[in-house]
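Take a look at the letters that make up each chain.
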Amino acid sequence: MCCWAMRRHYAPAATPVGPGLVRSVDMSNDRAAFNAKVIEEFRANNGQVSLLSTGPVVLLTHTGAKSGQQRVCPLVYATDAGRVVVAASKAGAPNHPHWYLNLVANPTVTLEVGTEKYQARAVTATGTERERLYRVIADAMPVFNEYAAKTTREIPVVVFERV
C-alpha cells in the first residue's frame, strides 16, 4: 500500500531521530509532499523510516502506464521466501491504486530495500497463493484486515521477483 494511504498510521509530529534530536513533520493532505518526505527519510537513513509505524518501507520505481514516466512510490511490505510482497489495498478503496495499474502495464521495476537497490518483475499472485500471501501481509500488519473488510474488490497481492 502506498504510504499516503498509511498516513493515519504515521509517527507523532515530533519524531525522535536520534539522541536529543527531534524532527517536526507537517502532515498536510498533500500526497506528493508526504511521499516525498518518506522517500527523503528512507534514502537519508539507509531505508529506515520513522514517519510510519505500520511496517517496513520499500521504494518502488515504476513506469507510468499512460505517461511512460518513471515514478517512485513508497510502499509498506512483507516478505515471503526472501521476496518483497505488497498489497494494492489503497486502504480499502473501491478501485485499485494507480501504481498497481502501472505495474500491470509495465511489470519491470526497481526496488530499494534498506540500502539495496535491484531490478525486479512484478507478478500478481492468484488463487490460493494470493490468499496465503495476503494473510502473510495481514499477520505482519493487521490494519490490512480492515482494508479487506472495507471493499468488495479483491485486493491484488504483488510479488516482486528479482531479475
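Residues numbered from 1 in each chain as written. Predicted model: local features only at pLDDT ≥ 70, side-chain atom pairs only at ≥ 80, totals over all residues. Heavy atoms only, no water.

V57, Y134, I137, F144, Y147 and V157 are the most contacted members of the largest nonpolar core, which totals 26 residues. Looking at this core, the elements that each hand over two or more residues are α1 (31-44), β3 (57-63), β6 (83-87), α3 (127-140), α4 (143-150) and β9 (157-162). Grouped together as the second largest cluster of nonpolar side chains are 19 residues, Y100, L111, V113 and F160 included. (Core = buried A, V, L, I, M, F, W, Y, C linked by side-chain atoms within 4.5 Å. Buried < 20%, exposed > 50% of the residue type's maximum accessible area, 1.4 Å probe, protein only. Helix = DSSP H or I, 4+ residues; strand = E, 2+ residues; numbered from the N terminus.)

Turning next to the pairing of β9. Pairing analysis gives 4 bridges linking β6 to β9, with the strands arranged antiparallel. Within β9, the position partnered with V85 by the bridge is V159. Judged from the 5 bridges that link them, strand β8 (residues 116-124) and β9 form a sheet pairing that is antiparallel. Paired with A122 across the strands is F160, a residue of β9. (Pairing = 2+ DSSP bridges.)

Below, the discussion takes up the packing of α3 against α4. Put simply, α3 and α4 touch, their axes get as near as 6 Å, and they point 125° apart. It follows from the interaxial angle that α3 and α4 lie oblique. Residues Y134, R135, I137 and A138 of α3 lie in contact with α4, whose contacting residues are F144, N145, Y147 and A148. Across the contact of α3 with α4, the residue classes tally to 6 nonpolar, 1 polar and 1 charged. (Axes fitted to C-alpha atoms, helices over the stretch in contact; angles between N-to-C directions. Parallel < 35°, antiparallel > 145°, perpendicular 65-115°, else oblique. Contact = heavy atoms within 4.5 Å. Nonpolar A, V, L, I, M, F, W, Y, C, P; charged D, E, K, R; others polar.)

Moving on, we come to the pairing of strand β7 (residues 108-113). Counting buried positions over the 6 residues of β7 gives 5, a clear majority of the element. Of the pairings in the sheet, the one linking β3 to β7 comprises 4 bridges and is antiparallel in character. If you follow T61 over to β7, its bridge partner there is T110. With antiparallel pairing between neighbouring strands as the criterion, β7 and β8 make up a hairpin whose turn holds 2 residues, including G114 at a positive phi of roughly 60°.

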